[in-house]
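Residue strings, one per chain:
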Amino acid sequence: MIEIKELSKTFSSHNGDFEALKNINITINDGEIFGIIGMSGAGKSTLVRCINMLERPTGGSVLIDGVDIGALSAGELRKMRRNVTMIFQGFNLLMQRNVLGNVCFPLELSGVPKKEAEKRALELLETVGLKDKAKSYPAQLSGGQQQRVAIARALATSPKVLLCDEATSALDPKTTRSILSLIKDINKKLGITVIIITHAMSVIEEICDKVAIIDNGEIAETGAVSDVFSSPKSRAARNLVYPEERDYLERSSGQRLLRLVFGGEYSADVPLIAKLAMDKGIAANIIMASTKTIGGNAYGNMLLSFKSDSDFVSAKEYFGSIEKLAAEEVQ
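Worth saying up front: this structure is predicted, and the values here are computed from it rather than measured.

Colleague: What is the right way to read the packing of aromatic side chains from this model?
Modeller: Think of a pair of aromatic rings as described by two things: how far the centres are apart, and how the planes are tilted against each other in angle. Counting across every chain of the model gives two aromatic pairs. Centroid distance phenylalanine 306 to phenylalanine 312: 6.1 Å. Interplanar angle 75 degrees. Geometry classified as edge-to-face. Measuring from ring centre to ring centre gives 5.5 Å for tyrosine 318 and phenylalanine 319, while their planes differ by 65 degrees; the resulting arrangement is edge-to-face. Residue classification places phenylalanine 319 among the buried residues on the basis of a relative accessible area of 0%. Its guanidinium or amino end placed over the ring of phenylalanine 11, lysine 9 lies 5.0 Å from that ring's centre, counting from NZ or CZ.

Right under this line is the structure:
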């Protein structure tokens, strides 16, 4: 279990102090795939670097299995980092070493004999589907293949935790899906706790069990992905879950807008707008609509506008009476 308690990080410069993280509290259970998402500059990369002490927090603590890793000696911290490994957006492979040599590298640093290290590395390359590339060099590989090598290298020391800092940001959508599928498969087979740092909602939807929304260095919201994404409570979460609404709201001229959110057991095939017209005689204008799959269930939302306040009030009351359907005013 990873417990982040009252964590803060302040950077000092000649322009003054900057609070990158403020009073962060998160608990990540063993075996979870936990997502941390936020806009650029929100503090998510600083947070992940504090988890393995690449950045020393200004205040608070990070506990892994009850051990405060900020209190560890330099030697103990190096040992801990074999259990908490990391993959990055830029892959960070050693270009002068071939694929096998890259995966062997952390084992060499740990003092593992060469033959044993190579055997382990080949097993890991088979796990990530690149055993046939053992003698190739990073420059000869695609971006997705390089990230697979980085994952194999991160797994070399049999870690308990894998930190992924924007690990798919440099990849195209198809390759991103394949890497996320690989990470999910590794999580299931090996039971490794995975922490995903990203700015992309699609990554969280695809792979994560739980999510924390970070905004301006603070946790705005946290919970199960299906709960946060189907009914976001904070403004930061709504901006991420419903990004298309922001542009419309900036252009809207005082209209009252109603958002419908449905998911889980509620069927996306129900003709909501037609039912409203037939049952109440109210015409709704569909501004936008979308559906997505989270955890194997379909979720969707609609943004509606109405000709009058009375139509808005009646529609909100009508939709609010339908089980498994949430109706809320958008302001």
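Next comes the rest of the description.
Colleague: How do you make sense of a negative patch on the surface when you look at a structure like this?
Modeller: A cluster of like negative charges, contributed by Asp17, Glu19, Asp215 and Glu218, occupies part of the molecular surface. Locating aspartate 17 in the fold gives a position in strand E2 (residues 16-28). Among the residues examined, aspartate 17 registers a relative accessible area of 61% and is labelled exposed.

Colleague: Hey, could you run me through the sheet that holds strand E4 (residues 59-64) in this one?
Modeller: Backbone-to-backbone hydrogen bonds join strands into a sheet, with any given pair of strands oriented parallel or antiparallel. Spatially, the four strands line up as an open sheet ordered E2-E1-E4-E5, and their pairing is antiparallel. Each of the sheet's edge strands pairs with one partner strand only, and the pair in question is E2 and strand E5 (67-68). As paired elements, strand E1 (residues 2-13) and E2 share nine bridges and run antiparallel to each other. Its bridge partner lying in E2, serine 12 is registered against aspartate 17. Seen against the sheet, helix H1 (residues 44-51) touches E1, E2 and E4 and runs at an angle of roughly 115 degrees to E1.

Colleague: What am I meant to see in helix H3 (residues 99-109) here?
Modeller: Each turn of an α-helix holds 3.6 residues, which means side chains three or four residues apart point in the same direction. By the criterion of burial, H3 is predominantly enclosed, with eight of the eleven residues buried. Residues Val99, Leu100, Gly101, Asn102, Val103, Cys104, Pro106 and Leu107 constitute the buried set of H3. Elements that come into contact with the buried residues of H3 comprise helix H4 (114-127) and helix H5 (143-155). At the N-terminal end of H3, a side-chain oxygen is found 3.3 Å from the backbone nitrogen of leucine 100, two or three residues along, and the residue is asparagine 98. Phi turns positive, to about 85 degrees, at glycine 111, one or two residues after H3.

Colleague: Just checking my understanding: could you explain unusual backbone geometry for this structure?
Modeller: Glycine aside, residues mostly have negative phi angles, and peptide bonds mostly take the trans form. Of note, asparagine 23 is a non-glycine position whose phi angle comes to about 55 degrees, a positive value. Mapped onto the elements of the fold, asparagine 23 is located in strand E2.

Colleague: Would you take a moment to explain the pattern of salt bridges for this structure?
Modeller: Pairing of side chains with opposite charge becomes possible as their charged atoms draw close. In total, this model carries twelve salt bridges according to the counting rule given. Note that lysine 160 is salt-bridged to aspartate 65, the shortest N-O span being 3.7 Å. Note that lysine 160 is positioned in the loop between H5 and strand E7 (161-165) and aspartate 65 in the loop between E4 and E5, a separation of 95 residues in sequence. When salt bridges that share partners are traced, they join Lys9, Arg49 and Glu55 into one network.

Colleague: Sorry, what's going on with the pairing of E7 here?
Modeller: Side chains on a regular strand alternate between the two faces of the sheet. Of all five residues in E7, five are buried, a share of seventy percent or more. Both faces of E7 are covered, namely the face carrying Val161, Leu163 and Asp165 and the face carrying Leu162 and Cys164. As judged from the five bridges shared by strand E6 (residues 84-88) and E7, these two strands associate in the parallel manner. Its bridge partner being in E7, valine 84 is matched across the sheet by valine 161. The pairing of E7 with strand E8 (residues 193-198) spans five bridges and is parallel. In the sheet register, aspartate 165 faces E8, and the bridge partner there is isoleucine 197.

Colleague: Honestly, the side chain of asparagine 102 in this entry has me stumped. Any pointers?
Modeller: Topologically, asparagine 102 is positioned in helix H3. Within the structure, asparagine 102 has its side chain in polar contact with the backbone nitrogen of leucine 94 (distance 2.7 Å). Beyond its immediate stretch of four places on either side in the chain, asparagine 102 contacts Leu93, Leu94, Arg97, Pro138, Val149 and Arg153.

Colleague: Sorry if this is basic, but what is going on with the nonpolar core here?
Modeller: In summary, soluble globular proteins display a tendency toward joint burial of nonpolar side chains. Membership of the largest hydrophobic core comes to 55 residues, with the highest contact counts inside it found for Ile87, Leu125, Ile151 and Phe229. Apart from residues lying up to four places away in sequence, isoleucine 87 is in contact with Gln147, Ala150, Ile151, Ala154, Leu162, Leu163, Cys164, Asp165, Ala167 and Ile183. Core analysis: the next-biggest nonpolar cluster, separate from the first, contains 29 residues, Leu7, Ile36, Val48 and Met80 among them.

Each value, and the rule that gives it
- Residues numbered from 1 in each chain as written.
- Predicted model: local features only at pLDDT ≥ 70, side-chain atom pairs only at ≥ 80, totals over all residues.
- Heavy atoms only, no water.
- Phe/Tyr/Trp six-rings, centres within 6.5 Å; stacked < 30°, edge-to-face > 60°.
- Buried < 20%, exposed > 50% of the residue type's maximum accessible area, 1.4 Å probe, protein only.
- Lys NZ or Arg CZ within 6 Å of the ring centre and 35° of its normal.
- Patch = residues over 30% accessible without salt bridge, like charges linked within 9 Å, V, L, I, M, F, W, Y side chains within 5 Å.
- Areas by Shrake-Rupley, 256 points an atom, 1.4 Å probe, with all protein chains shown as cover.
- Salt bridge = Lys/Arg side-chain N within 4 Å of Asp/Glu carboxyl O.
- Lys, Arg positive; Asp, Glu negative; His and termini not counted.
- Charge placed at Lys NZ, Arg CZ, Asp CG, Glu CD.
- Helix = DSSP H or I, 4+ residues; strand = E, 2+ residues; numbered from the N terminus.
- Pairing = 2+ DSSP bridges.
- Contact = heavy atoms within 4.5 Å.
- Axes fitted to C-alpha atoms, helices over the stretch in contact; angles between N-to-C directions.
- Polar contact = N/O pair within 3.5 Å; in protein donor to acceptor, adjacent residues only side chain to side chain.
- Core = buried A, V, L, I, M, F, W, Y, C linked by side-chain atoms within 4.5 Å.

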